[in-house]
Structure formats: structure tokens, C-alpha cells
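Descriptive structure summary
Here are the chains, one letter per residue:
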Amino acid sequence: MLVEDRRTEADWRLGFRSLEAEIGDGVELAVEGTLPSELDGTLYRIGPARHDVYGDRYRHWFDGDGMVHAVRFSGGRVEYRNRFVATDKKREEDAAGRRIYGGFGTRPAGGPVARVRNVLPKSAANTNIVFHAGKLLALWEAGRPWRLDPVTLETVGEDDMSGVLGVRKAISAHPKLDRATGAMWNFGVDYGPRTAISLYRTSAEGETVLVTKVPLDFAPMVHDFALTPTKAVFVLHPISLPRVPVALMTGRQSFGDSLRWEPERGTVIVSVDRATGERRSYKTGPFLTFHTANAWDEGDDVVVDLCATEDDSVMKLFYEVMAGRDFVASHPYLTRLTLRSDGRVEQRRLSDTPIEFPRVAGRALCRPHTRIYGATFNDGARFLGTPAAVDLANGSSSVATMKAHQIAGEPVPVTKAGASSDDEVWLLTLVLDARAGRTEVWVLDGADVAAPPVAVVPLPHVVPFGFHGNWVKASALP
Ligand SMILES: [Fe+2]
């Protein structure tokens, strides 16, 4: 029995346990290897950390309360803090000593009356963390952002983005930076009798405006979008809510349970002119997508690279892992959509290496990139967790050397000083070492992803598997 328990401890399930411990005062961490001296800034990571609310476990990976981790690099030293985002939801549930609200894949708690009362979602602030115009924002896709102090990680409050986000408004967790102007673009899906996508622009100075609204004739799940120098692009895959989602509206079913995969619809792509709001619609075959890697203009054509799976089996994986069960879903592959000016869509797979959590070098945002970084599968692993770089000239990939008990998340590329190619990045990622029972920060050389990490920084605990993170240069921080 003991042997069986140990086997369970040392595998991926460790990454789906709750972490309640907060280290609010920075602690200095030991560094194994040599940190690049130019790394001067903070790696922010976010993800669900409270999967069990007073003994009541969420059914879905996306549901737990968000915790932010800040790993500050300075002069070869590393300091670490982590805190929950003190959302209204978490404070209410802490005060009540029980779970109240639902999440993406968990319905609200309690009986039929309580579920109706608490049917509107409340932000878990667990999906992405971005720093823009002096503000550190914890993002979730079905509500407003929560603002944090970038140094102490204390929660400042909910942010209405210059007043454009009313109480019920949502903004996605995947804003895009337009490097030419310093503006941050984002969108929110407003579900209802007339579902629409709102496109927002936040200037470099932090002023947000609603650019345009895109009415939809169905209610798809939209997690991410793409930005080119002239357009915003929405890829609307055929997974959507029913026209009148009664079970969702009455708290009998979660949002995720209400979604229906209808491949016969195909995938609709809508491009929106950033300047005029003019829209153009395209159609291609069915696939499911969570993340775009990057996009750009080629004359009047638009190129969008994204991760696509052939069916919706991954939607089940997110429940199964929370129940501690192995599950093999269809793999995501890097896919290029070229939207032709004559209305055609060309679609091709860019690499045979499965990839999710795609990232490109900062220098390549909104312009042609030569490589995409992301996470692929370890040998024999059922779970994404190995940093990889895919070179698009020939589709070849280089993959980090990992042991079966080491599982990495999204790699964050940090541009090297004076970089003149997309290879010249450091890749920062969190790695669960299930055997050692801890999470580590790995620093990999993007130019040689297969080489051992140049530095490893063990953290004081296991960080539950999270979603996204970003690097912020020290010179940008207060
Ligand atoms: Fe995401």
C-alpha cells in the first residue's frame, strides 16, 4: 500500500493539489547553475491554487482561485513571493467557510435556490497576469481584471478599465501588445440573447476604449484572439452554448458542461479592421483551439498561427485530471491559417510536434516569426510538460531533456540583449519535480532548448499547474 501511495505522489497528480501557503514577504532562493546576468526583472506566473474550497473540490482545472507567483531576478540573486488574488469571490467564501460560486466546469454550490442565487460567475482571477501602463492585472475571461501591487502582490481591487467594463462585463485573459504604439488590445465575450464580442484598446498611457462590437449568430467559447498591425482576428470554433442555455442559467450545469461540439458548423473566422471596425468573415473546417501564437499581415492577406486539435476531447481532459484519472486527448498541433483577400482560407499543419502554450519572441509580435516556443509531451507522458521550440522554416523541433517526473508549464521567452533573431531568448518556465516534491524555475537557452537548463531555482513548495505568465523588466517596474 505504501508503495502504491508513493507512486501516486511522484506523478502529475501532485500538480493538481491545492496550495494554500502564501509567502507575502520575499524570500531569497538558492540558485543551481549560473543565472544570465542580464536577467533583471520579474517573472510573474498565475494559476488556480485553491482546488478544494473547505473540502469541496472543483471538478475542473480552470475553476480554482488564482494565485500569483513573482520570481524576481536581480544581480544574480532571486527572490520569491506568492499570494492569492483576494477577489470578492475568495473573500466571500473565506468568510462563509465554504464554497459558494461555481467556475468554468463546476456549478454553483448548494441546492437549487442557492445555485440560482449564485449563478452569475465571479472572477477567480486565475488565467493570466500582465503588466501594462503601470498596472499589474490578474485576468480571467468571464469578468473584470483584478489589480495587484507589482512588488508585494497585495490585491488593490477590481479594475473597470477606465470605466468601459461595467459590472457584468468581461475581458479575456489574452490581451495582445501592439509594440508599434505600446497599446494593449483585448476583447470580451458578452453572452446573452444577442452574443457579441467587444474589442478594446488600452493606450500606452492606460486609457481604455471600446473600439467596436462584433455581433455573433451563435455563442462560442472564445479564449484567445490574434492581432496584426491592421486587424483583430477571432477564430470561432464550433463549440458553443445552446441558444437558450436553461441548465446554465438555472445553475444546474456549469458553462463547460453546457458547451456543445458541433463540427458540422465548421470554424468561422472574423477579421476586424482596427481603424475602421470593418468586418470580414471566413470559413474553414472544424477544429478546436485555445491559443493563438501570433499573426501578421501579408499585403491584403492575414496569417494566423494557432494550436488546433481535431476534436473536443481535450475538454474532457480538464475534468479527468482533477479527478486524478489518466486521460489521453487528441493532441494540439501548430496550424497556420492564411486568410486570402479573395475570401479563401488556407490551412496547414506547421509541425508534427504537438504544441500548446505557444509563445513567440517579443520582437516578433504582430510580424512574421521564425519559431514558436511552447510545451510538448515528454516521452511516454500523458500530460503536456516539456519545453520545445519549433522552427518554421522546416517544421523541425528541439525539445528539452526531461525526466518522466519533471513536468513543465508554459515557457516564457525573455529577449536577450541585442537579439537579432527569434532564437535569442531565455526561456523561463516552472517545472514540477514530482519526485523531489517541489516546483523549480528553469532557465533554458532558447538557442539550444535541448541543452540542460543554465540555471535551476527550486521554489519552497509545489506550485499547482498554472496557465500563463509574463516577464517584466526591472526598469518597467516601480
Ligand atoms: Fe490561455
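Below is a short write-up of the structure. Every value quoted in this text rests on a predicted model; they were computed, and no experiment measured them.

The next thing to look at is the overall build of the protein chain. Looking only at helices and strands, the protein chain features six helices and 36 strands. Its C-alpha atoms give the protein chain principal-axis dimensions of roughly 60 × 55 × 45 Å. Out of the 478 residues in the protein chain, the part that is buried amounts to 58%. Once local pairs closer than 6 in sequence are excluded, the contacts in the protein chain between residues at least 24 apart make up 59%. As presented, the protein chain carries roughly 19,200 Å² of accessible surface, and 50% of it is formed by carbon and sulfur atoms. Where the 57 positive side-chain charges of the protein chain centre and where its 61 negative ones centre are 4 Å apart.

Bringing the layout of surface pockets into the picture now. Taken as a whole, the second largest pocket encloses approximately 1,300 Å³ of empty space. Along its surface, the second largest pocket is lined by 43 residues, and Leu177, Arg359, Leu365, Asn470 and Trp471 are the ones closest to its centre. Counting residues per element, the lining of the second largest pocket draws most heavily on strand 36 (residues 468–473), at six residues.

A few words on the coordination of the iron ion. With distances of 2.0 to 2.1 Å, the protein atoms coordinating the iron ion are His174 (NE2), His223 (NE2), His291 (NE2) and His468 (NE2). Of note, the donors binding the iron ion are all from one chain and are spaced H-x48-H-x67-H-x176-H. Here His291 is found in strand 23 (residues 288–298), whereas its partner His468 is found in strand 36, with 177 residues between them in sequence. You'll find His291 and His468 in the same group, each marked buried.

Turning our attention to empty space enclosed by the protein. What the rule picks out here adds up to four cavities of 30 Å³ or more. When its volume is computed, the largest cavity comes out at roughly 170 Å³. Contributing elements (two or more residues each) for the lining of the largest cavity: strand 3 (41–50), strand 6 (65–74), strand 31 (406–408) and strand 33 (425–433). Of the residues forming the lining of the largest cavity, the biggest block, five residues, is contributed by strand 3. For the lining of the largest cavity, the per-class residue count stands at 13 nonpolar, six polar and two charged. One number sums up the size of the second largest cavity: a volume of about 70 Å³. What lines the second largest cavity is Met221, Val222, His223, Asp224, Phe225, Val235, His237, Thr289, Phe290, His291, Thr292 and Leu306. Top element by residues in the lining of the second largest cavity is strand 23. It accounts for four residues.

Across a sheet, paired strands are connected by hydrogen bonds in the backbone, their directions being either parallel or antiparallel. Taken in spatial order, the four strands make up an open sheet running 12-13-14-15, and their pairing is antiparallel. Each edge of the sheet is formed by a strand with only one pairing partner; in this case those strands are strand 12 (176–178) and strand 15 (208–215). Across the sheet, the axes of successive neighbouring strands diverge by a mean angle of 25 degrees, strand direction being ignored.

About the thresholds
Residue indices follow the written sequence of each chain, beginning from 1 at its first position. Two thresholds apply to this predicted model, a pLDDT of at least 70 for residue-level local features and 80 or more for giving and counting side-chain atom pairs, whereas whole-chain, interface and lining totals are computed over all residues. Note that water and hydrogens are dropped before the side-chain values are worked out from all heavy atoms of the structure. Under the DSSP-based scheme used, a helix requires at least four consecutive residues in state H or I and a strand at least two consecutive residues in state E, with every element numbered from the N terminus. Throughout this description, buried means an accessible area under 20% of the type-specific maximum (1.4 Å probe, protein chains only), exposed means over 50%, and partly exposed covers the range between. Here a residue-residue contact requires only that any non-hydrogen atoms of the pair lie within 4.5 Å. Here the accessible surface of atoms and residues is derived via Shrake-Rupley with a 1.4 Å probe, and residues count as covered only by protein chains that are part of the display. For this count, His and the chain ends are skipped, Lys and Arg are scored as positive, and Asp and Glu as negative. Charge positions are represented by NZ for Lys, CZ for Arg, CG for Asp and CD for Glu. Of the grid points, spaced at 1 Å and generated over the protein atoms alone, those admitting a 1.4 Å probe that cannot get out make up cavities, while open sets with protein on both sides within 12 Å along at least five of seven lines make up pockets; any residue with an atom within 4 Å of a point is treated as lining. Grid points are joined across faces, edges and corners, and a volume is the space filled by probe spheres set on the points. In this listing, donors mean N, O and S atoms no farther than 2.8 Å from the metal, or 3.2 Å for Na, K and Ca; water is missing from the atoms, so a site can look incomplete. Residues are grouped as follows: nonpolar covers Ala, Val, Leu, Ile, Met, Phe, Trp, Tyr, Cys and Pro; charged covers Asp, Glu, Lys and Arg; every other residue, Gly included, is treated as polar. The rule for pairing is simple: two strands pair if DSSP sees at least two bridges between them. With axes taken as lines fitted to C-alpha atoms, and helix axes fitted only over the stretch in contact, angles between N-to-C directions fall between 0 and 180 degrees.

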